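Secondary and tertiary structure notes
Chain residues, written in single-letter form:
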Number of protein chains: 8
Amino acid sequence: ARRGYPEAVLCEPKTPDQVAAIAAEVAAAGTPTLFTRVREDQVDAVLTALPDAHHDAVARLVAWPPQPPAPTGGLVVVLSAGTSDLAVAREAELTARHLGRATELVVDVGVAGLHRVLAQLDLLRSARVVVVAAGMDGALPSVVAGLVSCPVVAIPTSVGYGAAFGGVAPLLSMLNACSPGVAVVNIDNGYGGGHLAAQIAAG
Amino acid sequence: ARRGYPEAVLCEPKTPDQVAAIAAEVAAAGTPTLFTRVREDQVDAVLTALPDAHHDAVARLVAWPPQPPAPTGGLVVVLSAGTSDLAVAREAELTARHLGRATELVVDVGVAGLHRVLAQLDLLRSARVVVVAAGMDGALPSVVAGLVSCPVVAIPTSVGYGAAFGGVAPLLSMLNACSPGVAVVNIDNGYGGGHLAAQIAAG
Amino acid sequence: ARRGYPEAVLCEPKTPDQVAAIAAEVAAAGTPTLFTRVREDQVDAVLTALPDAHHDAVARLVAWPPQPPAPTGGLVVVLSAGTSDLAVAREAELTARHLGRATELVVDVGVAGLHRVLAQLDLLRSARVVVVAAGMDGALPSVVAGLVSCPVVAIPTSVGYGAAFGGVAPLLSMLNACSPGVAVVNIDNGYGGGHLAAQIAAG
Amino acid sequence: ARRGYPEAVLCEPKTPDQVAAIAAEVAAAGTPTLFTRVREDQVDAVLTALPDAHHDAVARLVAWPPQPPAPTGGLVVVLSAGTSDLAVAREAELTARHLGRATELVVDVGVAGLHRVLAQLDLLRSARVVVVAAGMDGALPSVVAGLVSCPVVAIPTSVGYGAAFGGVAPLLSMLNACSPGVAVVNIDNGYGGGHLAAQIAAG
Amino acid sequence: ARRGYPEAVLCEPKTPDQVAAIAAEVAAAGTPTLFTRVREDQVDAVLTALPDAHHDAVARLVAWPPQPPAPTGGLVVVLSAGTSDLAVAREAELTARHLGRATELVVDVGVAGLHRVLAQLDLLRSARVVVVAAGMDGALPSVVAGLVSCPVVAIPTSVGYGAAFGGVAPLLSMLNACSPGVAVVNIDNGYGGGHLAAQIAAG
Amino acid sequence: ARRGYPEAVLCEPKTPDQVAAIAAEVAAAGTPTLFTRVREDQVDAVLTALPDAHHDAVARLVAWPPQPPAPTGGLVVVLSAGTSDLAVAREAELTARHLGRATELVVDVGVAGLHRVLAQLDLLRSARVVVVAAGMDGALPSVVAGLVSCPVVAIPTSVGYGAAFGGVAPLLSMLNACSPGVAVVNIDNGYGGGHLAAQIAAG
Amino acid sequence: ARRGYPEAVLCEPKTPDQVAAIAAEVAAAGTPTLFTRVREDQVDAVLTALPDAHHDAVARLVAWPPQPPAPTGGLVVVLSAGTSDLAVAREAELTARHLGRATELVVDVGVAGLHRVLAQLDLLRSARVVVVAAGMDGALPSVVAGLVSCPVVAIPTSVGYGAAFGGVAPLLSMLNACSPGVAVVNIDNGYGGGHLAAQIAAG
Amino acid sequence: ARRGYPEAVLCEPKTPDQVAAIAAEVAAAGTPTLFTRVREDQVDAVLTALPDAHHDAVARLVAWPPQPPAPTGGLVVVLSAGTSDLAVAREAELTARHLGRATELVVDVGVAGLHRVLAQLDLLRSARVVVVAAGMDGALPSVVAGLVSCPVVAIPTSVGYGAAFGGVAPLLSMLNACSPGVAVVNIDNGYGGGHLAAQIAAG
Ligand SMILES: Nc1ncnc2c1ncn2[C@@H]1O[C@H](COP(=O)(O)O)[C@@H](O)[C@H]1O
Ligand SMILES: Nc1ncnc2c1ncn2[C@@H]1O[C@H](COP(=O)(O)O)[C@@H](O)[C@H]1O
Ligand SMILES: Nc1ncnc2c1ncn2[C@@H]1O[C@H](COP(=O)(O)O)[C@@H](O)[C@H]1O
Ligand SMILES: Nc1ncnc2c1ncn2[C@@H]1O[C@H](COP(=O)(O)O)[C@@H](O)[C@H]1O
Ligand SMILES: [Mg+2]
Ligand SMILES: [Mg+2]
Ligand SMILES: [Mg+2]
Ligand SMILES: [Mg+2]
Ligand SMILES: [Mg+2]
Ligand SMILES: [Mg+2]
Ligand SMILES: [Mg+2]
Ligand SMILES: [Mg+2]
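Residues numbered from 1 in each chain as written. Chains lettered and ligands numbered in written order. Predicted model: local features only at pLDDT ≥ 70, side-chain atom pairs only at ≥ 80, totals over all residues. Heavy atoms only, no water.

1. Things to note about the overall build of chain A
Scanning chain A from terminus to terminus reveals eight helices and nine strands. Expressed along its principal axes, the backbone C-alpha trace of chain A runs to roughly 50 × 40 × 25 Å. Buried positions account for 64% of the 203 residues belonging to chain A. When contacts within chain A are restricted to residue pairs at least 6 apart in sequence, long-range pairs at least 24 apart make up 69% of them. The distance from the centre of the 12 positive side-chain charges to the centre of the 17 negative ones in chain A is 8 Å. (Helix = DSSP H or I, 4+ residues; strand = E, 2+ residues; numbered from the N terminus. Buried < 20%, exposed > 50% of the residue type's maximum accessible area, 1.4 Å probe, protein only. Contact = heavy atoms within 4.5 Å. Lys, Arg positive; Asp, Glu negative; His and termini not counted. Charge placed at Lys NZ, Arg CZ, Asp CG, Glu CD.)

2. Notes on the sheet that holds strand S1 (residues 7-10) of chain B
Residues and elements named next belong to chain B. With mixed pairing, four strands are arranged side by side in an open sheet as S1-S2-S4-S3. Each edge of the open sheet carries a strand with a single partner, namely S1 and strand S3 (54-56). Each strand of the sheet is rotated relative to its neighbour by a mean of 15°, with strand direction disregarded. Pairing between S1 and strand S2 (residues 33-36): four bridges, direction parallel. Counted as the bridge partner of Ala8 is Leu34 from S2. Contacts between helix H1 (residues 16-29) and the sheet are confined to S1, S2 and strand S4 (61-64), with S2 contributing the most and set at about 165° to the helix. The strands touched by helix H3 (residues 86-98) within the sheet are S2, S3 and S4, with S4 carrying the most contacts at an inclination of about 10°. (Pairing = 2+ DSSP bridges. Axes fitted to C-alpha atoms, helices over the stretch in contact; angles between N-to-C directions.)

3. So, the pairing of strand S6 (residues 102-107) of chain C
Residues and elements named next belong to chain C. Pairing of strand S5 (residues 75-80) with S6, which is carried by six bridges, proceeds in the parallel orientation. For Val76, the partnering residue across the bridge sits in S6 and is Thr103. Once the chain exits S5 it traverses helix H3 (residues 86-98) before rejoining the sheet at S6, and the crossover so formed is right-handed. (Right-handed = clockwise from strand over helix to strand, strands pointing away.)

4. Focus: the domain arrangement of chain A
Residue and element names in this part refer to chain A. Along its sequence, chain A is carved into domain 1 (7-64) and domain 2 (75-200). Here domain 1 and domain 2 have C-alpha centroids that lie 26 Å from each other. The partner domain 2 presents 10 residues to the nine residues of domain 1 that form the contact. Taken together, the two surfaces of domain 1 and domain 2 that pack against each other cover about 830 Å², and 70% of this comes from carbon and sulfur. The largest per-residue losses of area from domain 1 upon contact with domain 2 belong to Leu34, Val58 and Ala59, which jointly make up 42% of the total buried on that side. (Domains from an automatic or database assignment. Buried area = accessible area lost by both parts, 1.4 Å probe.)

5. Let's talk about the coordination of the magnesium ion (ligand 10)
Reference geometry at the metal: tetrahedral coordination by four donors gives ideal angles of 109.5 degrees; octahedral coordination by six donors gives 90 or 180 degrees. At 2.0 to 2.3 Å from the magnesium ion (ligand 10) lie its protein donor atoms, namely Ala145(F) (O) and Val148(F) (O). Across the pair, Val148(F) and Ala145(F) agree in class, each one buried. (Donors = N, O, S within 2.8 Å, 3.2 Å for Na, K, Ca; no water.)

6. A short note on the packing of aromatic side chains
Overall, the coordinates contain zero aromatic pairs over all chains when judged by the stated rule. Between Arg37(F) and the ring centre of Tyr161(H), over which it is positioned, the NZ or CZ distance is 3.6 Å. (Phe/Tyr/Trp six-rings, centres within 6.5 Å; stacked < 30°, edge-to-face > 60°. Lys NZ or Arg CZ within 6 Å of the ring centre and 35° of its normal.)

7. Some remarks on the site of ligand 4
Taken together, Cys178(A), Pro180(A), Tyr161(B), Ala8(H), Val9(H), Leu10(H), Lys14(H), Thr36(H), Arg37(H), Glu91(H), Asn189(H) and Tyr191(H) are the residues near ligand 4. Around ligand 4 the close residues trace back to chains A, B and H. In the environment of ligand 4, an oxygen atom lies 3.2 Å from a nitrogen or oxygen atom belonging to the backbone of Cys178(A). Relative to its free-state accessible area of 500 Å², ligand 4 is covered by the protein chains to the extent of 81%. For the shell around ligand 4, the leading source of residues is strand S1 (residues 7-10) of chain H, giving three residues. (Near = heavy atom within 4 Å. Polar contact = N/O pair within 3.5 Å; in protein donor to acceptor, adjacent residues only side chain to side chain. Areas by Shrake-Rupley, 256 points an atom, 1.4 Å probe, with all protein chains shown as cover.)

8. Considering the site of ligand 2
Every residue near ligand 2 is listed here: Tyr161(C), Cys178(D), Pro180(D), Ala8(E), Val9(E), Leu10(E), Lys14(E), Thr36(E), Arg37(E), Glu91(E), Asn189(E) and Tyr191(E). What surrounds ligand 2 is not a single chain but chains C, D and E. In this structure, an oxygen atom belonging to ligand 2 sits 3.3 Å away from a main-chain N or O atom of Cys178(D). Contact distances for ligand 2 include 3.2 Å between an oxygen atom and a backbone N or O atom of Leu10(E). Compared with its free state, where it exposes 500 Å², ligand 2 has 82% of that area covered by protein. Broken down by element, the shell around ligand 2 gets its largest block of residues, three residues, from strand S1 (residues 7-10) of chain E. Taken together, the residues that form the shell around ligand 2 break down as seven nonpolar, two polar and three charged. When residues of the shell around ligand 2 are sorted by domain, at least three fall in each of domain 1 (7-64) and domain 2 (76-200) of chain E. (Nonpolar A, V, L, I, M, F, W, Y, C, P; charged D, E, K, R; others polar.)

9. Quick look at the pattern of salt bridges
On inspection of all chains with the given rule, the structure shows 56 salt bridges over all chains. For Glu93(A), the salt bridge identified is with Arg90(A), shortest N-O distance 2.9 Å. Separated by three residues within a single helix, Glu93(A) and Arg90(A) lie in helix H3 (residues 86-98), roughly one turn from each other. With a closest N to O distance of 2.8 Å, Glu12(G) and Arg37(G) form a salt bridge. Separated by 25 residues along the polypeptide, Glu12(G) in the loop between strand S1 (7-10) and helix H1 (16-29) and Arg37(G) in the loop between strand S2 (33-36) and helix H2 (43-49) bring together distant segments of the chain. In this structure Glu12(G) comes out as partly exposed when scored by relative accessible area, which is 23%. (Salt bridge = Lys/Arg side-chain N within 4 Å of Asp/Glu carboxyl O.)

10. What to know about the relation of the copies chain E and chain G
Note on the identical chains: chain E maps onto chain G by a rotation of 90° and an axial translation of 0.0 Å, with an RMSD of 0.0 Å. These values place the two chain copies in the arrangement generated by a four-fold rotation axis. The position closest to the rotation axis in chain E is occupied by the C-alpha of Phe165(E), lying 7.5 Å away. (Least-squares fit on C-alpha atoms with pLDDT ≥ 70 in both.)

11. Section: helix H7 (residues 168-175) of chain B
Note: α-helices contain 3.6 residues per turn, so residues at a spacing of three or four share the same orientation. In terms of burial, H7(B) is largely enclosed, as eight of its eight residues are buried. What H7(B) keeps buried is the set Val168(B), Ala169(B), Pro170(B), Leu171(B), Leu172(B), Ser173(B), Met174(B) and Leu175(B).

12. Considerations on the environment of Ser80(D)
Residue and element names in this part refer to chain D. Within the fold, Ser80 resides in strand S5 (residues 76-80). Those residues in contact with Ser80 that lie beyond four places of it in its chain are Asp85, Leu86, Ala89, Val106, Val107, Asp108, Val109 and Ala133. Polar contacts involving the side chain of Ser80 include one to the main-chain carbonyl oxygen of Gly82, which spans 2.8 Å.

13. Some points on the interface of chain H and chain A
Opposite the 27 residues of chain H that make contact, chain A presents 27 residues. A combined buried area of about 2,200 Å² lies between chain H and chain A, and 50% of that area is made up of carbon and sulfur atoms. At the boundary of chain H with chain A, the tally comes to zero salt bridges. Scanning the region where chain H abuts chain A turns up eight residue pairs in polar contact (both at pLDDT 80 or more). At the level of secondary structure, the elements contributing two or more residues to the side of chain H that touches chain A comprise helix H7 (168-175), strand S9 (182-184) and helix H8 (190-200) of chain H. Here the element with the most residues in the side of chain H that touches chain A is H8(H); it accounts for five residues.

14. As for the sheet that holds strand S4 (residues 61-64) of chain E
All names here are of chain E. Pairing in this open sheet of four strands is mixed, and the strands run S1-S2-S4-S3 from one edge to the other. Because the sheet does not close on itself, it has two edges, and the strands there are S1 and strand S3 (54-56). Neighbour-to-neighbour, the strand axes of the sheet open up by a mean angle of 15°, direction not taken into account. Strands in contact with helix H1 (residues 16-29) are S1, strand S2 (33-36) and S4; relative to S2, the strand with the most contacts, it is inclined by about 165°.

15. Observations concerning the interface of chain E and chain G
How big an interface is tends to be reported as the loss of accessible area on association of its parts. Counting residues at the interface gives nine residues for chain E and 11 residues for chain G. Between chain E and chain G, a total of about 830 Å² is buried, with carbon and sulfur atoms accounting for 64% of that surface. Per-residue buried area on chain E facing chain G is highest for Thr83(E), Ser84(E) and Tyr161(E); these three make up 62% of the total on that side. Along the contact surface separating chain E from chain G lie zero salt bridges. Our count for the chain E to chain G interface comes out at three residue pairs in polar contact (both at pLDDT 80 or more). For the side of chain E that touches chain G, a count of residues per class yields six nonpolar, three polar and no charged.

16. Some remarks on the relation of the copies chain H and chain A
Related by rotation about an axis and a shift along that axis, the two copies of the chain form a pair. With an RMSD of 0.0 Å, the operation that places chain H on chain A is a rotation of 180° combined with a shift of 0.0 Å along the axis. Expressed as a symmetry operation, the mapping of one chain copy onto the other fits a two-fold axis. With an isologous cut-off of 70% or more, the 100% of interface residues of chain H that recur at the interface of chain A puts this contact in the isologous class.

17. Comments concerning the environment of Val168(A)
Mapped onto the fold, Val168(A) is located in helix H7 (residues 168-175). If near-sequence neighbours (up to four positions away) are discounted, Val168(A) is found in contact with Ile187(A), Leu172(B) and Phe165(G).

18. Comments concerning the pairing of strand S8 (residues 152-156) of chain D
All names here are of chain D. Extensive coverage of S8 is indicated by the burial of five of its five residues. Of the two faces of S8, both are covered, the one formed by Val152, Ala154 and Pro156 as well as the one formed by Val153 and Ile155. Where strand S7 (residues 129-134) and S8 come together, five bridges link them in parallel fashion. Looking across to S8, one finds that Ala133 is bridged to Ile155. Taken together, S7, helix H6 (residues 140-145) and S8 constitute a β-α-β crossover, and its handedness is right-handed. As judged from the three bridges shared by S8 and strand S9 (residues 182-184), these two strands associate in the parallel manner. Its bridge partner being in S9, Val152 is matched across the sheet by Val182. Taking the sense of rotation as the criterion, the β-α-β connection linking S8, helix H7 (residues 168-175) and S9 turns out right-handed.

Here it is as C-alpha cells:
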C-alpha cells in the first residue's frame, strides 16, 4: 500500500463467504492485512486462506503476516480503564504494533483509584502518544491529558449500561475533555485508535 | 413548613407580576423563602415586597430572611470545577447555608490540574457531603468520589459548547460515574443540589 | 478498603474467566466483595472460588462474606413501584444491607394507587433515606419526596416499552422532580442506589 | 364548518400580513375562529379586522365571536400543575369553552403537595374529562388518572430547564403514565388539549 | 374495581412465576382482569390458574372472564393502517370490548391508498371514537381526524425500520397531527389506546 | 458551470463582507448565481455588486441574472401544505425556475382538508415531479405520492413547535413515507428541493 | 396497478402466514409483485404460492413474475460504497430493473480510495440517475453529486458500529450533502431507492 | 507551564469581570496565554490588562505575547471546507502557530469540487498533520485521510441548518470516517484541534 501500512478488513458486517473471498485475495497478492472485528463464525474463513495468520481472540483480530515489523518511531502506551475495556485496548495495541510501533499495555487504571494512574506517571511521560480505552464516565483521558504533554487518543467503549447508551456517555466526555490534546475516535474503535496512534508516533 | 426548610419559588418561567404576587404573600405570611433563578427584570418585584431580603447576583438567588440560621449538622463542601461553574456552585452553597448547614466553597479545581484537587484532600475528607458543579466532561465527581467516603452530589452545568449539548455531556458522565456514591441532580440545578446536600448533612 | 465498605465487581461485561480470576483474588485476599449484575453463566465462576458466598438470583447479586455486618446508622426504606421493578429494588436493598444498614423493602406502591403509598407514610417518615425504584413514568420519587423530609434516592428502571426508551423516560422525570431532595442514579443501578443510600444513612 | 366547531389559525409562524389577511377573510365570511399562539406583534393585525374579538393575553388567544356558545355536554376540568403552566392551561380552558363546554380551572396543584390534589377530588370526579397541564416531571396526569374514571388529557409544558429539554421530560412521563386513560398531545399544545377535551365531553 | 373496569397486568417484564402468582390471586378473588403483552412462555402460567380465560395470540392478550360484558356507550372503530399493525389494533379492539364497548375493526387502510380510507367514511362517521394504529409515517390519524368530528386515538406502532426508530417517527407525526382531536398514547400501546377509547365512548 | 446550472451561495453563515466579496466576483465573472438564505443585513451586500439582481424577500433569495431562462423539460409542481410553509415552497419554486423549468405553486393544501388536495389531482398528474413542503406531521408527501406516478420531492419545514423539534417530526415522516417514490432533502432546504426537482424534470 | 409499476409487500414485520396469504392473492390475481425484506423463514411462504418467482438471497427480494420487463427510459447506475453495502445496493438495482430500467452495479468504490470513484466517471456521466448505498460516514453521495449533473439517490445503510447509530450518521451526512441534487431515502431502504430511481429515469 | 505550551482561557462563559481578573493575573505573572472564544464585550477586558496582545477578530482569539515563537517540528496544514468554516480553521491555525508550529491555511476546498482538493495534494503530503474544519456533511476528512499518510485532525463545525443539528452531522461523519487516521475533536473546537495538531507535529 502507498502508505506503507497494512490494509484492514472490517469483517463483522460481511458474510463468511465475503470474508473468505477477501482472505483468498490477500493470500494471492501477499498484502499485509489486519482482519478486524472478526466474528467467531468468520475466523475459519480467514485462517483457511491464511493458515499462518495470527488470531487474537480477545481483540477479535487476525493479522497477516503474523509477526509485526521491527518497531520504529516513538512508544505507544495503551491504558485500559477497566478489565472490561481490555478487548478494545488490546485491539488498539495490536494494531499499533502491526503498524510498526513499540507498545506497552496497562490494564485497570480507572479514575476511581487515582493512585493506580499516578503510579504509571513515568511510563506515561515516556510515551510519544497515549491511547486510553474507557467506558462509563470516560473520565480517564481528561485526567491523563492533564498529566502528559503528548497527544492522548481516547477510545470510548460500549462498556456500561443504562445512561451509558452504548458508549455515548464516554464519547461525549472525551469530546469535551477539559484538558487539551485529546483525539477522539469512534466507540469501540480499537483499530482506529491504534492506527491513529501509530501515525502520530511515526518516524 | 412541615419539613422545617424554607420554601422555594422558581422565578425564571414566571412573569414579574406573578413573582411580585408571590413575594407579597411571603411577606404577609412571614414564610422563610428562597427565590431561585431570579431574572434581572424580576429582582425588583421581590425586593419591593421584601426590602430586607438578601440578593446574590452571581447565584441569581434572593433569600428571605436575609440571614441564614445558625448551622447544625455536618459540613457541606462545594467544589466548582471551573470559574465558569461558579454561579451554579454558589447557588448550591447559599441554598445549603439557608437550610442550616455550614459550608465551604472552593473554586477552579478541575481534573485537568489534579494537584489542585489533591491539595483539598483534608477539607474534602472533613465533609459530611461534597457538592461538585462541573460542565464539559463532568469528570470531577468520579475523581472526588474515589477520594472520599461520604456522598458526592454532582451538578452538571451547561458550561461548554458543541457536543456538551447544554449540559448533557457532564450529566451522562455523572450518571455513569465509575466511583459509587454519586447523587446526580438536574443540569444547572444549584438549588436542588444544595437542598439535597443539606438534607444529607442534617442532624 | 479505605472507606470500610466492601468492594464491588460489575460482572456483566466480563467473561466468565475474568470473573473467576477476580473471585479467586477475593478469596485469597479475604476482601469483602459484592459481585453485581451476575449473568447466569457467571454464577458458578464466583461460587467455585467462594463456595459460601450468598447468591440472590432476583437481584443478580453474589455477596461475600454471606452475612451482612450488624446494622449501624439510620434506616433505609426501599420502594418498588411495580412488581417488575423488584430486581432493581432488591439489588439496592441488599447492597445497603451489606454496607451495614438496616433496611425495609415495600413492593408494588405505584402512583396509580395513591392509597398504597399513603398507607406507608409512617414507615417512610421513620427512614433516614428512602430509595425508590420505578420505571415507565418515574413519578413515584416526586410524590414520595413531597411526603418526607429525608433525601430520596431515585433509581429509574428499564421497565416499560416504546417511549420509555429503556429507562430514559423515568430518568428524565426523576431529574426534573418537582419536589427537592431527589438524588438520581443511573438506569437500573440498584447497586449504586443502595450504596449511596448506605452512605447517606451512615453513622 | 362541517364539524360545528370554530376554525383555528396558528399565528406564531406567520407574518403579521398573513395574519391580517386571514382575519379579514374571517370577518368577511363570519366564520367563528380561534387565533392561537398570537405573538404580541400580531394582535393588532387580528383586532383591526375583528374589533370586537376577545383577546386573552395570558393564553395568547383571540376568539371571535367574543362570547362562547351556551355550554352543552359534560364538564371539562383543567388543572395547572404550577403557576408557570397557567398560560397553557388557560389556552386549553378557553378553547374548550369556545367549543361549547362548561369549564373549571384549578391552578397550582402539583404532586409535590398531594393534599392540594386530593382537596379537588370531588370536582375531579364530577368531570367528563380532566385536562392536566404540567412541566418538569409531568407526574400529575398519572396521579390524577389513578383517582378518576374519566379520560385525562395530558399536556406537557416546556416549563423547566436542563434535562426537561423543552418539555420532552413531561412528554415522555405522560406517554408512559402508569395509570390507563391518559391522552397525550403536543408540548405546550393548550389549543389541541382543549379541543380534544371538548370533543370527548361532547353531547 | 372502583372504576368498574377490569384490572390489567403487564406481563412482559415479569417472570412466569410472578405472572402465575398474580393469576392465582385473580382466580381466588374473581377479579375481571386483562393480561397484556403475554409472552409465549407466560401463557401457560395464566391458563393454569384461569383455565377458561380467553387467549388471543395475535393481540398477545388473555382476558378473564372470557366473555366481554354486553356493550354499552358509543361505537369504537379501530383502523389498522397496514397488515403489520394488526397485533396492536387487535389488542386495542379487544381491550375496548372487554371494557364494555361495541367495536369494529378495519385492516389495511393506509394513506398510500386513500380510496380505501374514503370507502370507510360512513363507518368512521358512525363512531363515538376512532382508534388508529399506524407505523412508519404515522400519517393516517391526521387524515382520519380531518374527516370525522369525534376524537381519534392514535397508537404509533414499531412497524418499520431505519429512521422509523422503533416507532418514534409515527409517534412524532401523531403528536404533530395537523388536524385537532388526536389523542396519542405510547408506541405499541394497544391496551392503553383501547382503554382510553372505551372511556371516551362510555355512557 | 460544467453542469449548465447556476452557482449557489449559502449566505446565512457568512459575514456581510464575505457575501459582498463573493457578489463582486460574480459580477466580474458574469456567473449566473443564486444567493440563498440571504439575511436582511446581507441583501445590500449583494445588490450593491449586482444592482439588477432579483430579490424575493419571501424566499430570501437573490437571483442573478434576474430573468430565469426559457423553460425546458417537464413541469415542476410545488405544494405548500400550509401558509407557514410558503417561504420554503417559494424558494424551491424559484430555484427550479432559475434552473430552467416551468413551475406551478399551490398553497394551503394540507391533509387536514383532503378535498383541497384532491381538487389538484389533474395538475398533480400533469407534473414530471411534485415538490411538497410541509411541517408538523409531514403527512402530505405520503398522500400525494399515493396519487401520482412521478417522483415526489419532500421538504420538511421547521414550522411547528414542541415535539416538531424544528422539523425532525416531518423529516422522519417523509423518510418513512408509506408510498414509494419520495425523495427527501434537508429541513427547510427549499433550494435543494428545487434543484433536485429541476434535475429530475430535465430534458 | 394504476401506475404501471409492480406492487410491493414489506415482509419482515409480517408472520409467515400473513405472507403466504398475500402471495396466494398475488398468484390468484396475477399482479406483478416484489416481496421485500423477506426473512429466511418467509421465503417458502412466497415460493409455495408462486413457484416460478425469482428469489435473490443477497437482496432478500422475491420478484414475480421472475423476468423483469424489457428496459425503457434512462440508465440507472448503482454504487455500493463497500462490500458490506451490497445487500442494499442489490435490492435497489433489482427493484429498478423490475420497474423497467436498465441498470449497472459497481461495488466497493468508497471515498477512502478516490481513484476507484474517478475510474467510474464515464459510466457515472452516462446515467440518468445514480443510486449510492453507503454506511459509516456516508460521504460518497456528496462526492458523486459533485461529479455528475443528474440526480443522485442516496441510501444510508446500517453498516458500521458505535457512533454510526444504525445508519443515522450516513443519513445525516446525506441530508447535509454539500453538493445539490441528492435525494435521500430511509436507512437500508434499497427498495425505495430503486423505485425512486426508476421513476426518475422513466420515459 | 510544565508542558511548555501557553495556557488557555475559555472566555465565552465567563463574565467580563472574570476575564479581566484572569488577564490581570496573566500580565502580573507573564504567563504566555491564549484567550479563546472571546466575545466582543470581553475584548477590552483582555486588552486593558495586556495592551500589546494580538487580537484576531475572525478567530475570536487574543494571544499574548503577540508574536508566536519561532516554529519547530513539522508543518501543520489547515483546510477550511467552506468560507463559512474559516473562523474555526483560523482559530486552529493560530493556536498551532502560537504553540510553535509552522502552518499553512487553505480555504474553500470542499468535496463538492474535488479538483480543488486534488490541487493541494503536494501541500497535503508535505504536512506532518492536516487539520480539516468542515460543517454540513463533514465529508472532507474522509477524503483527505485517504490521500495522505499523516494523521488528520477533524473539526466539525456548526455551519449548516436543519438536520446538521448544530454540528452533529459532521461530528458523526468524522467519527465514522471510512479512512483510518482521523482524530476528532469537539464541534467548533478550533483551539483544541490546533493544540492537538501542534502536539502531533512536535519535535
Ligand atoms: N431552581 C430550581 N430548580 C428546580 N426546582 C426548583 C427550583 N426552585 C424551586 N424549585 C422547586 O419548585 C417548587 C416551586 O415551584 P413553583 O411553585 O412553580 O415556584 C419548589 O417547591 C421547589 O421544590
Ligand atoms: N400493555 C400495557 N401497556 C401499558 N400499561 C399497561 C399495560 N398493561 C397494563 N398496564 C398498566 O400497568 C398496570 C399494571 O402494572 P403491573 O402491576 O406492573 O402489572 C395496570 O394498572 C395498567 O394500568
Ligand atoms: N422494503 C420496503 N421499504 C419501505 N417500504 C416498502 C418496502 N417494501 C414495500 N414497501 C412499501 O410498503 C407498502 C406495502 O406495505 P404492506 O402492505 O404492509 O406490505 C408498499 O406499497 C410499498 O410502498
Ligand atoms: N476554546 C476552547 N475549547 C475547549 N477547551 C478550551 C478552550 N479554550 C480553553 N480550553 C480549555 O479549558 C481550560 C481553561 O478553562 P478555564 O479555566 O475555565 O478558562 C484550558 O486549560 C483549556 O484546556
Ligand atoms: Mg496534556
Ligand atoms: Mg467515595
Ligand atoms: Mg421531601
Ligand atoms: Mg383513571
Ligand atoms: Mg376531526
Ligand atoms: Mg406514487
Ligand atoms: Mg451534481
Ligand atoms: Mg491516510
